[in-house]
Amino acid sequence: MEEVDSLSRPADAIVSAWFRTRRDMDDRDRGAVLELLYALLRHRARLRWWLERHGRDDTARNRMLAWLTLAEGRTPDQVMRLFNGAKGAPEALTRAEHALLIKLQGAAMTHPTMSEEVRLECPDWAAGPLRHRFGAAFEAEMAALLSPPTLDLRANTIKTTRDAMMRQLTDLGLRAEVSLRVPDGIRIRERMSLARLAALKSGELEIQDEGSQMVAMLLDARPGERVVDFCAGAGGKTLAIAAQMNNRGHIVACDVNENRLKRCAERVRRAGVHNAETRLLATETDRWVKRHKGGFDRVLVDAPCSGTGTWRRNPDARWRAPEEKGLDNLIAVQARILASAARLVRPGGRLVYATCSMLSEENEDQVASFLAHHADFHVVPLPEAAPGLSGVARGDYLSLTPAHDDTDGFFAAVLRRESQPGTTPPVSSDV
């Protein structure tokens, strides 16, 4: 908890590094630590509220003490027996800490005088935009973001089949179910150690939210085509696209972050993907983009965003950026990325703009602004672009939320560049 507070790295990366130095911990202990950490992150605003109410600092240790009392109902004496200073146990309670436990005893996690933002764990910067987006459904959507997510997997059809993976999971005693909305998706609703899934290490299975799999589907990449995943990150959608293409054609996975691209390259090799390469860009307007203008059939822009749709999976993210730089700055970055990536699309080609945000400012408004300045692009309504996904449309666009769809929050717009009769799209071999 202290590292999550002090470091800019995501909580899941901190957890992974922490466990690597404690390989002697068994799966049960690891699961208990992980569950407790994420529970504390999901209740951070309310715990802070109680500490401020009693004049205490919002430290990791104080939040833990408050949690044990408010959420688990432990008495001061029971907590004292846990915090006893023995080997492997936290340092003994101070008098001030014991006094805090006495003050909190008998209280509930939620108090009638808490603001709605605190009660629903919604940071101030996001409350207005989310209320604008959801209206009367605001409370239900925020409550859904406080629930633990399912474990969603994608069978890598380059190496295996979904049926084979379902049999393997069943043999492990896991209650797995196939996704009805994506062709290769599998969902596991129970808590489990990922170490049990050898198929993750072999590249036969990938962890990927069902919503993210839907976004990759919208690209509709075909074998033999030329594709760009413009903000590829660690490559989850790149791998899904490669499977769509049956490992034929060419995919360029671009990003401005070298470490993320290294992770992408590792996953590409493990997944048995042969039609993808990584490309490090200096900026979104890298000269590589200009050199390959109009040279690709499909371009995916999974833009950096506020991440509001991932809060149930990454509860620490709600207390991080975009507070650091501001939402307006983030929206400006998205606009530049989308405009630059659009140059890569050939006439008649498809451009998919996606975010894991639920804010209209980053989604519908961003697309409307792009279309106003790019008359050669038009929207392909979701029922036309992906008839099987019409049930998750909001107007012309894909729009997923945890409360409505039991996925992470995702938005995607499918755009087509108008064909220009009598012209031939430029093709460059310098990829």
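Owing to the predicted nature of the structure, the values given are computational and were not obtained by experimental measurement.

Peer 1: Give a detailed account of the overall build of the protein chain, specifying residues and quantitative values.
Peer 2: For the protein chain, the helix and strand inventory stands at 20 helices and 13 strands. For 431 residues, the compact-globule estimate of 2.2 N^0.38 gives 22 Å, and the protein chain sits close to it at 23 Å. Based on the C-alpha atoms only, the size of the protein chain along its principal axes is roughly 80 × 45 × 40 Å. Within the span of the protein chain, comprising 431 residues, buried residues form 52% of the whole. Accessible surface, the protein chain as shown: approximately 19,800 Å² in total, 50% of it carbon and sulfur. Taking the 61 positively charged and 59 negatively charged side chains of the protein chain as two groups, their mean positions are separated by 3 Å.

Peer 1: I'd like a rundown of the nonpolar core, residues and numbers included.
Peer 2: Ranked by internal contacts, the top residues of the largest apolar core, which has 37 residues, are L218, I241 and L398. The set of elements that each furnish at least two residues to this core consists of α13 (210-219), α14 (236-244), β6 (250-255), α15 (258-270), β9 (345-355), α19 (382-385), β12 (397-400) and β13 (410-417). Top contributing element to this core by residue count: α13, with five residues. Once residues within four sequence positions are removed from consideration, I241 is found in contact with A216, L219, A221, V227, I251 and L300. Among the nonpolar cores identified, the runner-up in size contains 29 residues, and F230, C254, L351 and Y353 belong to it.

Peer 1: Explain the pairing of strand β8 (residues 296-302) residue by residue, including any values.
Peer 2: Taken residue by residue, a regular strand's side chains alternate between the two faces of the sheet. Here β8 lies mainly inside the structure; seven of its seven residues are buried. Note: strand β5 (residues 226-229) against β8, three bridges, orientation parallel. If you follow V228 over to β8, its bridge partner there is V299. Looking at chain direction, β8 and β9 are connected through six bridges and run parallel. Residue pairing in the sheet places V301 in a bridge with Y353 of β9.

Peer 1: How would you explain the packing of aromatic side chains if you had to name every residue and give the values?
Peer 2: Per the stated rule, a full pass over the model turns up seven aromatic pairs. With a centroid separation of 6.2 Å and an interplanar angle of 90°, the aromatic rings of W125 and W311 are classed as edge-to-face. Here W311 lies in the loop between β8 and α17 (327-342) and W125 lies in helix α9 (residues 124-134), a separation of 186 residues in the sequence. For the pair formed by W125 and W311, the shared burial category is buried. Taken together, Y353, Y397 and F411 form an aromatic cluster joined through their ring pairs. A cation over an aromatic ring shows up here: R48 above the ring of W319, its NZ or CZ 5.4 Å from the ring centre. Directly above the aromatic system of F296 lies the positively charged group of R226, at a separation of 4.6 Å from the ring centroid.

Each value, and the rule that gives it
- Residues numbered from 1 in each chain as written.
- Predicted model: local features only at pLDDT ≥ 70, side-chain atom pairs only at ≥ 80, totals over all residues.
- Heavy atoms only, no water.
- Helix = DSSP H or I, 4+ residues; strand = E, 2+ residues; numbered from the N terminus.
- Rg over C-alpha atoms; globule rule 2.2 N^0.38 Å.
- Buried < 20%, exposed > 50% of the residue type's maximum accessible area, 1.4 Å probe, protein only.
- Areas by Shrake-Rupley, 256 points an atom, 1.4 Å probe, with all protein chains shown as cover.
- Lys, Arg positive; Asp, Glu negative; His and termini not counted.
- Charge placed at Lys NZ, Arg CZ, Asp CG, Glu CD.
- Core = buried A, V, L, I, M, F, W, Y, C linked by side-chain atoms within 4.5 Å.
- Contact = heavy atoms within 4.5 Å.
- Pairing = 2+ DSSP bridges.
- Phe/Tyr/Trp six-rings, centres within 6.5 Å; stacked < 30°, edge-to-face > 60°.
- Lys NZ or Arg CZ within 6 Å of the ring centre and 35° of its normal.

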